[in-house]
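Examining the three-dimensional arrangement
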Amino acid sequence: MELFLLCLFWVCSFAISAEDERLPNRCEVCKFLTVELQAALEKTGRSKEVLELGAVLDTGKRRRKIKYNTSETRLTEAVDNICEGILQYSVHAERPGSLRYAKGTSQTMATLKNLVHKGVKVELGLPYELWDEPSVEVSDMKKQCETMLEQYEEVVEDWYFHHQEERLERFLCETHILKTSEQECLQEVWKGDMGKKGSKVEVASEEEGEGKTHDAGEL
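Every chain is numbered on its own, with residues counted from 1 as its sequence reads. Given that the model is predicted, a residue must reach a pLDDT of at least 70 before its local features are reported, and side-chain atom pairs must reach 80 or more before they are shown or counted; all residues, however, enter totals for whole chains, interfaces and linings. No hydrogens and no water enter the side-chain calculation; it runs on all heavy atoms of the structure.

Stated formally: UniProt positions are given in the numbering used here, feature names are shortened, and annotations may be inferred rather than shown by experiment.
The chain is annotated in an unreviewed UniProt entry as Canopy FGF signaling regulator 4 of Oncorhynchus mykiss. Per its UniProt entry, the chain bears the Sequence similarities (unreviewed entry) comment "Belongs to the canopy family."

Right, dumping it as structure tokens:
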């Protein structure tokens, strides 16, 4: 009975979170656009490859050589399909503000999946195989990311060629895209999960199997 009530509590909480679903704001879109772009650039930042540009003429003039890590080619490759990376994010409804968006399974969803694996029937209104599909919020962020990137393409190029000593988030979001009143999410920093000891449902499930009981204060 105790397990059933706890399960019911978690499922209801999840349903309430779904009802509170909201679309990402401009600050959140810009924040994660810069996160993805910076990550893509960092993957190739130490490349020592040298590109040769231009055709070899009959005069024997050599092609112009430039370093890959400062080339337009590197930027183009980083920007290409960058917003697709947004689809890897999930909504962590238990977290506040922009921190609700992060890669990986949310604490709530992980708990619900754990219940399913233990034989508990959980109804969320959609098939189990669709639980990991991008949510409406994440899909909308991806679309907004594509629009924002197209609108501010020249600003991104200006940062890449002339201002890389400045943080991309600051240059793009704070200086060029967002009003001061829209920048609150940029100050939100993830400080770790506060629920690492496991959820109430998991504790109850394990201990019920051992024949142990606890009152509400202990859980």
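**Things to note about the nonpolar core**
Formally: Throughout this description, the term nonpolar core refers to a set of buried Ala, Val, Leu, Ile, Met, Phe, Trp, Tyr and Cys residues connected via side-chain atoms within 4.5 Å. Burial here depends on accessible area, computed with a 1.4 Å probe over protein chains only, as a share of the maximum for the residue type. Under 20% is buried, over 50% is exposed, and the range in between is partly exposed. Secondary structure follows DSSP: runs of H or I at least 4 residues long count as helices, runs of E at least 2 residues long count as strands, and numbering of each begins at the N terminus. Contacts between residues were defined by any pair of non-hydrogen atoms, one from each residue, lying within 4.5 Å.
Residues Leu37, Ile86, Met148, Leu172 and Ile177 are the most contacted members of the largest nonpolar core, which totals 32 residues. When residues of this core are traced back to their parent elements, those giving at least two are helix H2 (26-44), helix H3 (72-79), helix H5 (136-151), helix H6 (153-162) and helix H7 (168-177). With seven residues, H2 is the largest single contributor of residues to this core. With residues near it in sequence (within four places) discarded, isoleucine 86 still touches Phe32, Glu36, Val138, Met141, Lys142 and Cys145. Counting residues in each nonpolar core, the second largest holds five residues, with Met109, Leu115, Val122 and Trp131 among its members.

**Considering the state of the cysteines**
Quick note on the threshold: Only a pair of cysteine sulfur atoms within 2.5 Å counts as a disulfide in this structure description.
The full count for this structure, using the stated rule, is three disulfides. Two residues, cysteine 27 and cysteine 185, share a disulfide whose sulfurs are 2.0 Å apart. Taking the sign of the S-S torsion, -95° for the link of cysteine 27 and cysteine 185, the bridge is left-handed. Here the residue cysteine 27 occupies a position in helix H2, and cysteine 185 occupies one in the loop between H7 and helix H8 (200-209), the gap between them amounting to 158 residues. Here cysteine 83 connects covalently by a disulfide to cysteine 145, the sulfurs 2.1 Å from one another. Every disulfide takes its handedness from the sign of the S-S torsion; for cysteine 83 and cysteine 145 that torsion is -75°, giving left-handed.

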